[in-house]
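Coordinate analysis (summary)
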Amino acid sequence: MNINDKINFGKYQWRVLDIKDNAALIITDKIIEQRSYHNKYVEITWAESSLREYLNNEFYNTFSKEEQERIIPVTNKNPDNPWYETKGGEDTEDKIFIPSLEELACKYFGDSSSLLYNPGKNQRYWYERKDPNNEKRIALDKEKNFWWYWIRTPGRNSRKAVYVFPDGNIGIHGNHIKIGNVADGFCAGGVRPLMWISLN
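Residues numbered from 1 in each chain as written. Predicted model: local features only at pLDDT ≥ 70, side-chain atom pairs only at ≥ 80, totals over all residues. Heavy atoms only, no water.

The next subject is the overall build of the protein chain. Along the protein chain, the regular secondary structure elements total five helices and twelve strands. Computed over the C-alpha atoms, the radius of gyration of the protein chain is 16 Å, within 12% of the 16 Å expected from 2.2 N^0.38 for a compact globule of 200 residues. With the C-alpha coordinates of the protein chain rotated into their principal frame, the extents come out at 50 × 35 × 35 Å. Counting over 200 residues, the protein chain shows a buried share of 53%. For the protein chain, restricting intrachain contacts to residue pairs at least 6 apart in sequence, the fraction spanning at least 24 positions comes to 59%. Of the accessible surface of the protein chain, which amounts to about 9900 Å², a share of 45% is contributed by carbon and sulfur atoms. Of note, the protein chain has its 28 positive side-chain charges centred 4 Å away from the centre of its 28 negative side-chain charges. (Helix = DSSP H or I, 4+ residues; strand = E, 2+ residues; numbered from the N terminus. Rg over C-alpha atoms; globule rule 2.2 N^0.38 Å. Buried < 20%, exposed > 50% of the residue type's maximum accessible area, 1.4 Å probe, protein only. Contact = heavy atoms within 4.5 Å. Areas by Shrake-Rupley, 256 points an atom, 1.4 Å probe, with all protein chains shown as cover. Lys, Arg positive; Asp, Glu negative; His and termini not counted. Charge placed at Lys NZ, Arg CZ, Asp CG, Glu CD.)

Here it is as structure tokens:
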């Protein structure tokens, strides 16, 4: 197994982002579903979000016992939003999660740290500057349509969460955490889960 390889695990195809100590960090190759970040429109962090609760319980339980035994719980740091200083909240113990802003902008999809940490004086939205790594962050949904998906970092306030535009740009200002469900005729954000799995 190598970084950028595609593998099958559970019901989904995943892409390998990192390998260390006989473990691999994997992310779903596509957006697997659309959900709100939280089930109420309130101030929230990743630690208390209903999306985190769903991924670590209902979604986790879709894997077989053997697959669950390979999923490695990790402690995730949840940094503040670097542009708006919105608090990212406490560290979390996650079996399954979504990427942080730093993981997505600086680590696993190319290094865009110069754009992240040096915004223009009046810059409020990432898409005002061209980023050569945008293409690496693009994801399709199950119907092969371009769609946007959630990042666990808060946006310009705690009622918003950062997200990735369909063209790969980052909405660092954030989108509303509660924006309805697809069944209700609204456009919920895409979900691309990550997890560490044992290679033993």
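There's more to say after this.
This next bit is on the sheet that holds strand 1 (residues 6-9). Reading across from one edge, 1-2-3-12-5 is the order of the five strands in this open sheet, with antiparallel pairing throughout. Edge positions in the open sheet fall to strand 1 and strand 5 (71-72), since each of these has one partner strand only. The pairing of strand 5 with strand 12 (residues 194-198) spans two bridges and is antiparallel. The residue bridging Ile72 from the neighbouring strand is Trp196, located in strand 12. (Pairing = 2+ DSSP bridges.)

Let us look at the packing of aromatic side chains. One pass over the structure, following the stated rule, counts eleven aromatic pairs. When the centroid spacing of 6.2 Å and the interplanar angle of 45° are considered together, the rings of Tyr54 and Phe59 count as tilted. Classification of Tyr54 as buried rests on a relative accessible area of 11%. Taking NZ or CZ as reference, Arg159 lies 5.1 Å from the ring centre of Tyr41, over its face. Residue placement shows Arg192 over the ring face of Tyr149; its charged tip is 5.1 Å from the ring centre. (Phe/Tyr/Trp six-rings, centres within 6.5 Å; stacked < 30°, edge-to-face > 60°. Lys NZ or Arg CZ within 6 Å of the ring centre and 35° of its normal.)

In summary, soluble globular proteins display a tendency toward joint burial of nonpolar side chains. Counting residues in hydrophobic clusters, the biggest one holds 54 residues, and the most contacted among them are Ile26, Tyr37, Leu51, Leu55, Trp150, Ile170 and Met195. If one sorts the elements of this core by residue count, strand 3 (residues 23-28) sits on top with five residues. Contact partners of Met195, with chain neighbours within four places excluded, come to Phe9, Trp14, Ala24, Leu25, Ile26, Phe63, Ile71, Lys95, Ile96 and Phe97. (Core = buried A, V, L, I, M, F, W, Y, C linked by side-chain atoms within 4.5 Å.)

What follows covers a nonpolar patch on the surface. Nonpolar side chains collect at one region of the surface, where Met1, Ile3, Ile19 and Leu199 lie side by side and expose about 310 Å² of accessible area between them. Among the residues examined, Leu199 registers a relative accessible area of 31% and is labelled partly exposed. (Patch = residues over 30% accessible without salt bridge, like charges linked within 9 Å, V, L, I, M, F, W, Y side chains within 5 Å. Salt bridge = Lys/Arg side-chain N within 4 Å of Asp/Glu carboxyl O.)

Backbone geometry at Glu85 places phi at a positive 60°, although glycine is not the residue there. Secondary-structure assignment places Glu85 in the loop between strand 6 (74-76) and strand 7 (92-94). Judged by its relative accessible area of 62%, Glu85 is exposed. If you check the backbone angles, Lys144 has positive phi at about 65° while not being a glycine. Inspection of the secondary structure puts Lys144 in the loop between helix 5 (134-137) and strand 8 (149-154). Taking the relative accessible area as the measure of exposure, Lys144 reaches 60% and is therefore exposed.

We now examine the layout of surface pockets. Here the largest pocket is characterised by a volume of approximately 160 Å³. Contributing to the lining of the largest pocket are Lys20, Leu25, Val74, Thr75, Asn76, Phe97, Glu102, Glu103, Lys107, Tyr108 and Trp196. Mapped onto the lining of the largest pocket, the elements with two or more residues apiece are strand 6 and helix 3 (101-107). Within the lining of the largest pocket, the residues separate by chemical class into five nonpolar, two polar and four charged. (1 Å grid on protein atoms, 1.4 Å probe; cavity = no way out; pocket = protein on both sides within 12 Å on 5 of 7 lines; lining within 4 Å. Points joined across faces, edges and corners; volume = space filled by probe spheres on them. Nonpolar A, V, L, I, M, F, W, Y, C, P; charged D, E, K, R; others polar.)

Okay, helix 1 (residues 50-59) next. Across the ten residues of helix 1, seven count as buried, placing the element largely inside the fold. Elements that come into contact with the buried residues of helix 1 comprise strand 2 (12-20), strand 4 (33-35), strand 7, strand 8 and strand 11 (189-191).

With that settled, the discussion passes to the pattern of salt bridges. Summed over the entire model, instances satisfying the criterion amount to nine salt bridges. The shortest N-O distance in the salt bridge between Asp91 and Lys77 comes to 3.0 Å. Placement of Asp91 in the loop between strand 6 and strand 7 and of Lys77 in the loop between strand 6 and strand 7 is noted, with a sequence separation of 14 residues between them. Looking at Asp91, the relative accessible area reads 38%, which means it is partly exposed. Owing to a relative accessible area of 56%, Lys77 belongs among the exposed residues under this scheme. Close ionic contact of Asp131 with Arg137 constitutes a salt bridge, the shortest N to O distance being 2.6 Å. Just as Asp131 is buried, Arg137 falls in that class too.

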